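Close look at the chain arrangement
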Amino acid sequence: MSVPDRTTSPFEPSADLPPPPMMRGTWGWMRENLFSSLPSAFLTVGCLFLLAWFLPGLIRYLFIDAIWSAADGEPCRAPGAGACWAYVNAKLTFFTYGAYPRDQLWRVNTVMASGGILAVWLLWPAAKGKGLAALLFFAVFPIVAFGLLTGRTPFPSLLLPSPGSNIEWWAFRAAIGVAAVALPLLALQRFWLGGVLLFLVAWFMAAAHWRLLGLTRIDTDLWGGIFVSLLVASVGIVFSLPCGILLALGRRSRLPIIRFLSIVLIEIVRGVPLITVLFMANTMLPLFVPDAWSPDRLLRPLIGVALFSSVYMAEVVRGGLEAVPRGQYEAAMAVGLNWRRMMMLVALPQALTAVIPGIVNSFIALFKDTTLVAIVGIFDFLRAVDTQRLDPAWAGPSISATGYIFAAAFYFVFCFAMSRYSQMMERRHAAGRKR
Amino acid sequence: MATATNFRPRQVTNANAIEMIGVHKWFDKFHVLKDINLTVRAGEKIVICGPSGSGKSTLIRCINRLEAHQRGRIIVDGTELVEDLKRIDAVRRDVGMVFQQFNLFPHLTVLENCTLAPVWVNRLPKAEADAIAMHYLTRVRIPEQAGKYPLQLSGGQQQRVAIARALCMSPKIMLFDEPTSALDPEMVKEVLDTMMQLAKDGMTMICVTHEMNFAREVADKIVFMDRGEIVEANTPERFFSNPVQERTRLFLAQVLR
């Protein structure tokens, strides 16, 4: 093509040419990525050598020499035996439920399945009816789960007028009283407030009639395994984000007392190890409240974990808030938004999107830190695995190793899933908002 | 989409839209505003100019309380600005502002940027807020961009969205803080045209700008500031042809060339 003479002809933009070909086949890709220079070629060969040295043994141990079924640990103790999957298989019920009564496992299964379904509903980006899902997950599910798992009336005994009074009768009266307020409100079309009160009515009624279900009481001493690990992790995750947001806002507040209290709480809890927080929650919480209201032995570490993860979350969220440009706050104020709406509608959506990697990082750390509740006597998944390797019928070096491999795989699957989910959310939120 | 039935631009109800009486402000020890006295009548268009650091931005940011003044009085359409959230909110509902850096909300679409405050502050139904937003987006000539995100638009388009966003609250007074200073030269005109249209419709405006042609054409009064003080306030003809102060002549010699 000849160069057009711009002195005589008018300017015409020239046609776009296709880009040069990027992929030059497998060989081209390899040359570009694996053997682009001499050091890189050495590294590639070295890594291949390491893999060749390491992988066959691993595969042989995990699959080929593995014992898939056995009545006890005898075959696994034979020299040259690989991973003892028969042991995991035999102990799977214990790993999952701890000592929860075997004829009542349906209660745990129901809770885990419904919780899982609700969580997927909430987290699935394209799902409809997120408001209903949130209501079910955050309001209804905890009450039902508590009632099902413990077999006790899902109503906090510390809300009762006096310890020892009849919960059912009290709840029934409360339901009637609240309904008397809720129904006129609904008639007056105050749906939000009326709805909340109606929910309370339903809760009281459920509490009053819970005994009719005939569930036996199962104390938390018997709970254990994956089920408890997931419980601790989800309570930590569900509480840490809202509490962390509140603490972050408190730390940036212009009101000196709120700012001071937030800073003190964040710095103190963040300045000590989680184990210390757990010990404190375990031994000191009961000292602050009357004996009758003393929190359950599982509730104490739950509070400790939630508190600990909240203060970490607070700092992550604060980082996001600091990253929102000043002009955004000014524009929000200039259009007349008050502080609360400015935060909820302008600052927090941008701040939280910016720190999705940090938030998920905290969640992943929290998920693995749940193993520390074993220190205060909670029978979590890792502890369950750890105790069962002492079972004389299943004692043996490769059997212990298999248990730990199984535990590692469990934690990896969950953490990796969280990581992938966060990457997907980052991409979704970035789409369309950047040039 | 519902038609916007009961919306019409609101007017300043008092004779004076803005009164600033003996206003002082300090940033720490730095005295940014020194004894500012300025009256803006209803429907008046004021252009504020001056070298950078002269306090012009701070002055207009005091009018909607993005900055708090420390001495003197500021009265916006009959409401005096004091440390009272209710009054500040009331003034901010009456005063729209356009920033140098646009400050659009990047996580919301153009339409959502325009409807956010009408829905959450004025409690308009969504459909009505949408209709109003589309009306003003049409007026700034970018209705077809309503579904896009701000960062997908050019600077000039973003600034026009910012103007539409402010107008959606049907403000009585509009403040412009160097609205064209962050724009590529090719896009300055589209924003100035929009502002001229607004001026023609009788909006009370205060505009901090270096666009002297805009000032000449639109302003009722030009205010020249230097080092936190109003040096001279005059009609455009007299300001450009026969400035009183030597400092003003120096400034004009610099900017007009």
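Let us look at the structure shown here. None of these values were measured; they are calculated from a predicted model.

Residue and element names in this part refer to chain A. Scanning the entire structure with this criterion turns up 27 salt bridges over all chains. In this structure, E315 engages R270 in a salt bridge whose closest nitrogen and oxygen atoms are separated by 3.8 Å. Note that E315 is positioned in helix α12 (residues 299–323) and R270 in helix α10 (residues 256–270), a separation of 45 residues in sequence. Taking the relative accessible area as the measure of exposure, E315 reaches 16% and is therefore buried. When its relative accessible area of 29% is taken as the criterion, R270 is described as partly exposed. In this structure, E322 engages R318 in a salt bridge whose closest nitrogen and oxygen atoms are separated by 3.7 Å. Here R318 and E322 lie together in helix α12, a separation of 4 residues that amounts to about one turn. Connected through salt bridges with shared partners, the residues R251, R252, E267, R270, E315, R318 and E322 form a single ionic network.

What follows covers a nonpolar patch on the surface. A contiguous nonpolar surface patch, about 1200 Å² in accessible area, is contributed by L48(A), L50(A), L51(A), W53(A), F54(A), L55(A), L58(A), I59(A), F63(A), I64(A) and W68(A). Tracing the sequence through the fold places L50(A) in helix α2 (residues 38–64).

The next subject is the sheet that holds strand β9 (residues 221–226) of chain B. All names here are of chain B. Pairing is mixed across the open sheet formed by 6 strands, whose spatial order is β6-β7-β8-β3-β9-β10. Strands at the two margins of the open sheet, each flanked by one partner only, are β6 (95–98) and β10 (229–234). On average, each strand axis in the sheet is tilted by 15° relative to the strand beside it, whichever way the strands run. On top of the sheet, helix α9 (residues 246–256) reaches β3 (45–49), β9 and β10; it is set at about 95° to β9, its chief contact.

Cut-offs and rules
- The residue numbering used here restarts from 1 in each chain and proceeds along that chain's sequence as written.
- Chains and ligands are labelled by the order in which they are written, letters from A for the one and numbers from 1 for the other.
- Selection of residues for local features in this predicted model requires a pLDDT of at least 70, selection of side-chain atom pairs for listing and counting requires 80 or more, and totals for whole chains, interfaces and linings are taken over all residues.
- Side-chain measures here rest on the full set of heavy atoms in the structure, leaving out hydrogens and waters.
- Any carboxyl oxygen of Asp or Glu that lies within 4 Å of a side-chain nitrogen of Lys or Arg is treated as forming a salt bridge with it.
- Numbering of helices and strands starts at the N terminus; helices are DSSP runs of H or I of at least 4 residues and strands are runs of E of at least 2.
- Any residue under 20% of the maximum accessible area for its type is buried, any over 50% is exposed, and the rest in between are partly exposed; the area is computed with a 1.4 Å probe on protein chains only.
- For patch building, the residue pool is restricted to those with more than 30% relative accessible area and no salt bridge; the joining distance is 9 Å between like charges and 5 Å between nonpolar side chains (Val, Leu, Ile, Met, Phe, Trp, Tyr).
- Residue-level accessible areas treat just the shown protein chains as cover; the underlying method is Shrake-Rupley with a 1.4 Å probe.
- Strands are labelled as partners when DSSP assigns at least two bridges between them.
- Inter-axis angles, ranging from 0 to 180 degrees, are taken between N-to-C directions of lines fitted to C-alpha atoms, where helices are fitted over the stretch in contact.
- For this analysis, residues touch if any pair of their heavy atoms sits within 4.5 Å.

Purely spatial values, then, with no claim about function.
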